[in-house]
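The primary structure of each chain is shown beneath.
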Amino acid sequence: MEKKRVLSGIRATGRLHLGNYLGMVKGMLELQDNPGYEVFFMVADLHAMTTPYDPKTLQKNIYEVVLDYLAAGLDPENASVFVQSHIPEHIELAYLFSTVVSVARLSHLPTYKEKVRQYPENVTMALLYYPVLMAADILAYKTEELPVGDDQLPHLEITREIARKMNEKYSCNFPEPQQLKTEGHYIPSLTGEGKMSKSVEGSYINLTDELGVIKEKFARVPTDVGRGKSVPQEGGVAALLSLVELFQGEDKRKEYETEYLSEGVQYKSLKEELAQAIFEELKPIQARRKELDQKPKYVDRVIGGGAEKARKIARETLDETKRKMGLI
Ligand code: TRP
């Protein structure tokens, strides 16, 4: 049986947080156990260079993401992990794709505009080019479906447009990839505003956070008096309730909602129990991470093996595309 290929990735800007884990990694872990899929976990180091970064820590950040993937349960027997820049075919394919995307289309993307607002001193070509490279990451493996957070939907839209145009113009056969919705495709920020994000201080829980740290972070989540006529749909309380649902189940969430509408919710114990539940899930991940930290040679071997598998496929797609475009 022909296996379906799936690729997803995380920027190498530091450690994984709960949003990455629930929105993407967990979905990928399910697929790696499914024999119908061939799964690629990528560390997007080239994408990490699109916002200000320190070359001295980039290698370390790449390594951290690989360790987090492995600690979270990536099984090198059933899935591949590789570093984006190790497969230069992605860059070459991205250049070819850039011939069918207009500058205007890219400059109007909400994700681009947000970064321009965040880093007005760093509006580079690489930043504008971000979605084109991401389309190459995905289409190099002919990925049809992939788990990504909702924040990545504009990039998937561009990827589909590129696939369509390449197919129309050059008779390529790229699929139009869709989001594979995971339970945690949208994880709210602990600040109560927007989504959990590495670039917003105080918004996230790292996979490596100890129980005490999680509790401290929860202590700062803004709440209210704990009761009212309707359950808040946004803000800190809504964020806590969605985490309750994800880690303690829907029934627990409903209990709190009922309390909110009657005698009131005690946030102190809600936060305490939720912190405990999250930590229970993170504990084995943290233990595996500590073990892996002692085995750098093993980790290097895994990355090397992943690159080998990925390169073969990316090479094929690139050659095919070059042929269709008249380059060879
Ligand atoms: N843009 C993604 C993010 O910020 C990371 C990424 C890069 C990615 N290339 C990808 C995700 C390819 C999925 C597929 O999270």
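Because the structure is predicted, anything quoted here is derived from the model rather than measured. (Residues numbered from 1 in each chain as written. Predicted model: local features only at pLDDT ≥ 70, side-chain atom pairs only at ≥ 80, totals over all residues. Heavy atoms only, no water.)

Draft legend 1. Fine view of helix α1 (residues 18–32). The end-to-end C-alpha distance of α1 is 20 Å, a good match for the 21 Å that 15 residues give at a rise of 1.5 Å each. Largest kink in α1: about 40°, centred on Val 25. Among the 15 residues that make up α1, 13 are buried, leaving the element largely enclosed by the rest of the structure. (Helix = DSSP H or I, 4+ residues; strand = E, 2+ residues; numbered from the N terminus. Expected span 1.5 Å × (residues − 1). Bend = angle between axes of the 7 residues up to and from the residue. Buried < 20%, exposed > 50% of the residue type's maximum accessible area, 1.4 Å probe, protein only.)

Draft legend 2. Looking closely at the domain arrangement of the protein chain. Domain assignment breaks the protein chain into domain 1 (4–186 + 295–324) and domain 2 (211–290). For domain 1 versus domain 2, the distance between C-alpha centres works out to 32 Å. Opposite the 14 residues of domain 1 that make contact, domain 2 presents eight residues. Counting the surface lost from both domain 1 and domain 2, the interface buries some 930 Å², and carbon and sulfur atoms represent 60% of this. (Domains from an automatic or database assignment. Contact = heavy atoms within 4.5 Å. Buried area = accessible area lost by both parts, 1.4 Å probe.)

Draft legend 3. Local environment of the site of the ligand. Within the structure, the ligand sits among 14 residues, and His 47, Tyr 130, Met 134, Asp 137 and Gln 152 are positioned closest to it. Asp 137 has a polar side-chain atom sitting 2.8 Å from a nitrogen atom of the ligand. One nitrogen or oxygen atom from the side chain of Gln 152 is found 2.9 Å from a nitrogen atom belonging to the ligand. Taking 370 Å² as the accessible area of the ligand by itself, protein coverage stands at 90%. Looking at the shell around the ligand, the elements that each hand over two or more residues are β1 (4–11), β2 (37–44) and α7 (125–139). (Near = heavy atom within 4 Å. Polar contact = N/O pair within 3.5 Å; in protein donor to acceptor, adjacent residues only side chain to side chain. Areas by Shrake-Rupley, 256 points an atom, 1.4 Å probe, with all protein chains shown as cover.)

Draft legend 4. Geometry of the environment of Ile 62. For Ile 62, the location among the structural elements is in helix α3 (residues 55–72). A C-alpha to C-alpha distance of 23 Å links Ile 62 and Glu 30, two positions 32 residues apart in sequence.

Draft legend 5. Representation of the side chain of Thr 143 within the structure. One can find Thr 143 in the loop between α7 and β4 (145–146). On the accessibility criterion, Thr 143 (0% relative accessible area) is buried. Of the polar contacts made by the side chain of Thr 143, one reaches the backbone nitrogen of Leu 7; its length is 3.5 Å. Looking at Thr 143, its side chain comes within polar contact range of the main-chain oxygen of Ile 138, at 3.1 Å. Beyond its immediate chain neighbours, meaning those up to four positions away, Thr 143 contacts Arg 5, Val 6, Leu 7, Ile 138, Pro 175 and Pro 177.

Draft legend 6. Broad picture of the nonpolar core. By size, the foremost hydrophobic cluster in this structure holds 107 residues, and its most contacted members are Val 25, Phe 41, Tyr 69, Phe 97, Tyr 141 and Phe 218. Counting contributing residues per domain, this core is built from domain 1 (4–186 + 295–324) and domain 2 (211–290), each supplying no fewer than three. (Core = buried A, V, L, I, M, F, W, Y, C linked by side-chain atoms within 4.5 Å.)

Draft legend 7. Seen up close, the pairing of β1. Here eight bridges tie β1 to β2, and the two strands are oriented parallel to one another. Looking at the pairing, Ile 10 lines up with Val 43 of β2. In this region the chain leaves β1, passes through α1 and returns to the parallel neighbour β2; the handedness of that crossover is right-handed. (Pairing = 2+ DSSP bridges. Right-handed = clockwise from strand over helix to strand, strands pointing away.)

Draft legend 8. Up close: the pattern of salt bridges. According to the stated counting rule, one finds 23 salt bridges in the structure shown. The partner of Glu 157 in a salt bridge is Arg 160, with the nearest N and O atoms 3.0 Å apart. In this pair, Glu 157 and Arg 160 both sit in helix α8 (residues 153–170), three residues apart, roughly one turn of the helix. When its relative accessible area of 31% is taken as the criterion, Glu 157 is described as partly exposed. Residue Arg 160 is classed as buried on the basis of its relative accessible area of 13%. By sharing partners, the salt bridges in this structure join Arg 15, Lys 60, Glu 64, Asp 68 and Arg 289 into a single network. (Salt bridge = Lys/Arg side-chain N within 4 Å of Asp/Glu carboxyl O.)

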